[in-house]
Amino acid sequence: MPPTRHLRARRRLISPCVLRLAAALLALLLGPRCAAATGAGNAARALFSDPGSNHTSNWAVLVDTSRYWFNYRHVANTLSLYRTVKRLGIPDSHIILMLADDMACNPRNVFSAQIYGNENHALDLYGDSIEVDYRGYEVTPENLLRVLTNRHPPGTPRAKRLLTDAGSNVLLFLTGHGGDEFLKFQDQFELMSKDVADALGQMREKRRYNEVLFIAETCQASTMAAQFYSPGVLAVGSSAKGESSYSHHVDHKLGLSVIDRFTYHTLEFMQRVDVHSATTADQLFDTLVHHKVHSTSKPILTNFARPLNAVRLTDFFGSVMKAVPMGSGYRGLTGGDGGLEGEPEFGSGAGGGGRSSYRQPEESYRPIASVVSTGRGRGWVGGAGGGE
């Protein structure tokens with residue numbers, strides 16, 4: 001056999017052995033690192049996602065339906081919830097705010113261009129960064145139903161649209177004067193429970209929500225959910241059928257009531273909630289007892305499958321944060337330091353432990369630390385620093 005042909009035969013015999021040996025060495029060297037990265041990635045996915053849910057975003061529709069100066073408290077109710085969801089991370093682009101009257105510029109308002117929900121005047125609810133999407137005579141049952149069903153006239157700007165999808169959780173808050181299965185708008189029109197039920201039914205058919213939290217602050221509020229039939233809707237009202245909804249306290253400088261009891265005590269509880277909170281809906285509802293609210297406020301679970309102790313308040317009131325693990329980002333875990341390579345440990349930023357290294361959303365109007373500290377041991381009226 002010529003030398004050249006003999007050499008080629010030897011190469012054919014050696015090459016598979018060399019390849020198998022090289023593959024075994026690579027697996028031995030890289031195996032632990034790859035396993036650690038995969039394990040860390042799976043842990044992160046489990047932490048930031050619920051495998052049984054397609055929840056991807058949160059939206060809020062906040063509606064004051066009342067005009068006239070003596071209904072000041074209804075505007076304060078709505079703006080208090082508006083400030084709360086913004087503090088917890090929902091941006092204005094995901095909030096539809098509807099105010100039937102401009103109380104801030106009413107000539108009888110001694111605090112010009114300001115609205116307060118508390119007699120201590122600690123927090124101007126109107127502020128400089130408010131974005132009202134529907135105001136005055138734009139606030140009608142028709143426009144609310146158009147917002148929910150996304151059936152707008154041509155040319156309606158995006159700011160007036162509820163651009164939800166099948167992964168969106170929606171907080172729907174209505175406050176005003178009402179009765180058995182109806183809510184008055186502008187003291188002229190009425191929105192019926194059946195109207196809202198059919199709008200939610202259309203939203204479900206068009207895959208416009210994942211879950212809905214419906215809150216009504218009005219007389220006989222729970223009857224507004226009487227006709228609901230769509231799945232995934234958790235409803236709660238400030239009062240039961242035959243009951244009135246009451247205001248909380250009077251601001252003597254303004255000469256009228258500035259907030260309703262149900263909203264007041266809801267905000268008192270929400271002061272202790274931040275964007276990282278695991279507080280659940282049942283914990284909130286357990287605090288809305290009769291001797292505080294002066295009416296019966298109970299959640300309606302007919303169309304809602306999840307147990308309340310599995311429903312975080314931030315599922316509706318807060319922002320949705322998703323994590324996408326990157327393979328190259330877990331190299332530091334293989335060294336046993338428990339953190340990402342080149343990154344400080346969780347909570348090791350300025351200000352000390354916990355979650356202080358996380359920057360609050362730009363819409364935040366009070367530092368989380370002051371909210372938490374104020375909410376402990378004091379009512380919402382509060383002392384220095386007040387409440388929301």
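Predicted, not measured: the structure shown is a model, and the values here were computed from it.

Chemist: Would you explain the overall build of the protein chain in this entry?
Modeler: Secondary structure assignment for the protein chain yields nine helices and 12 strands. Taken over 388 residues, the protein chain has a buried fraction of 48%. Contacts in the protein chain between residues at least 24 apart in sequence constitute 74% of all its contacts with a sequence separation of at least 6. Summed over its atoms, the accessible surface of the protein chain is roughly 18800 Å², and 54% of this surface lies on carbon and sulfur atoms.

Chemist: What should I look at first to understand empty space enclosed by the protein in this one?
Modeler: Take a probe with the size of a water molecule and roll it over the atoms, and the empty space left behind shows itself. Under the counting rule described, the total for this entry stands at three cavities of 30 Å³ or more. Here the largest cavity defines a volume of roughly 90 Å³. Within the residue set of the lining of the largest cavity, elements represented by two or more residues are β8 (211-217), β9 (233-237), α5 (261-270), α6 (281-287) and α8 (314-317). Considering every element that reaches the lining of the largest cavity, the biggest residue donor is α6, with three residues. Residues that form the lining of the largest cavity fall into these classes: 13 nonpolar, one polar and one charged.

Chemist: What is the right way to read the pairing of strand β4 (residues 168-175) from this model?
Modeler: Remark: a regular strand shows side chains that alternate across the two faces of the sheet. With respect to burial, β4 is a largely interior element, eight of its eight residues being buried. Of the two faces of β4, the one carrying Ser168, Val170, Leu172 and Leu174 and the one carrying Asn169, Leu171, Phe173 and Thr175 are both buried. As defined by bridge partners, strand β1 (residues 57-64) adjoins β4 across eight bridges and the pair is classed as parallel. Pairing of Trp59 across the sheet is with Val170, part of β4. Inspection of the sheet shows β4 paired to β8 by seven bridges, in the parallel sense. By the bridge assignment, Thr175 is partnered in β8 with Glu217.

Chemist: Explanation requested: the environment of Leu97 in the structure shown.
Modeler: Positionally, Leu97 belongs in strand β2 (residues 95-99). According to the relative accessible area criterion, Leu97 is buried, its value standing at 0%. In the structure, Leu97 is positioned 36 residues away from Asp133 in sequence and 5.3 Å away in space, judged by C-alpha atoms.

Chemist: Can you walk me through the sheet that holds strand β3 (residues 134-135) in this structure?
Modeler: Sheets are built from strands that pair by backbone hydrogen bonding, the pairs being arranged parallel or antiparallel. The seven strands lie next to each other as β3-β2-β1-β4-β8-β9-β12, forming an open sheet whose pairing is mixed. Edge strands, defined here as strands with exactly one partner in the open sheet, are β3 and β12 (299-300).

Chemist: Help me out: how do you make sense of the nonpolar core in this one?
Modeler: Within soluble globular proteins, side chains that are nonpolar generally end up buried alongside one another. Grouped together as the largest cluster of nonpolar side chains are 53 residues, with contacts concentrated most on Leu62, Tyr72, Leu79, Ile115 and Phe317. Among the elements that make up this core, the one with the highest residue count is helix α2 (residues 72-87) (seven residues). Once you skip the residues sitting within four places of it in the chain, Ile115 turns out to touch Tyr72, Val75, Ala76, Leu79, Met103, Ala104, Leu123, Asp124, Leu125 and Tyr126.

What counts, and at which threshold
- Residues numbered from 1 in each chain as written.
- Predicted model: local features only at pLDDT ≥ 70, side-chain atom pairs only at ≥ 80, totals over all residues.
- Heavy atoms only, no water.
- Helix = DSSP H or I, 4+ residues; strand = E, 2+ residues; numbered from the N terminus.
- Buried < 20%, exposed > 50% of the residue type's maximum accessible area, 1.4 Å probe, protein only.
- Contact = heavy atoms within 4.5 Å.
- Areas by Shrake-Rupley, 256 points an atom, 1.4 Å probe, with all protein chains shown as cover.
- 1 Å grid on protein atoms, 1.4 Å probe; cavity = no way out; pocket = protein on both sides within 12 Å on 5 of 7 lines; lining within 4 Å.
- Points joined across faces, edges and corners; volume = space filled by probe spheres on them.
- Nonpolar A, V, L, I, M, F, W, Y, C, P; charged D, E, K, R; others polar.
- Pairing = 2+ DSSP bridges.
- Core = buried A, V, L, I, M, F, W, Y, C linked by side-chain atoms within 4.5 Å.

Worth remembering: the numbers are spatial, not functional.
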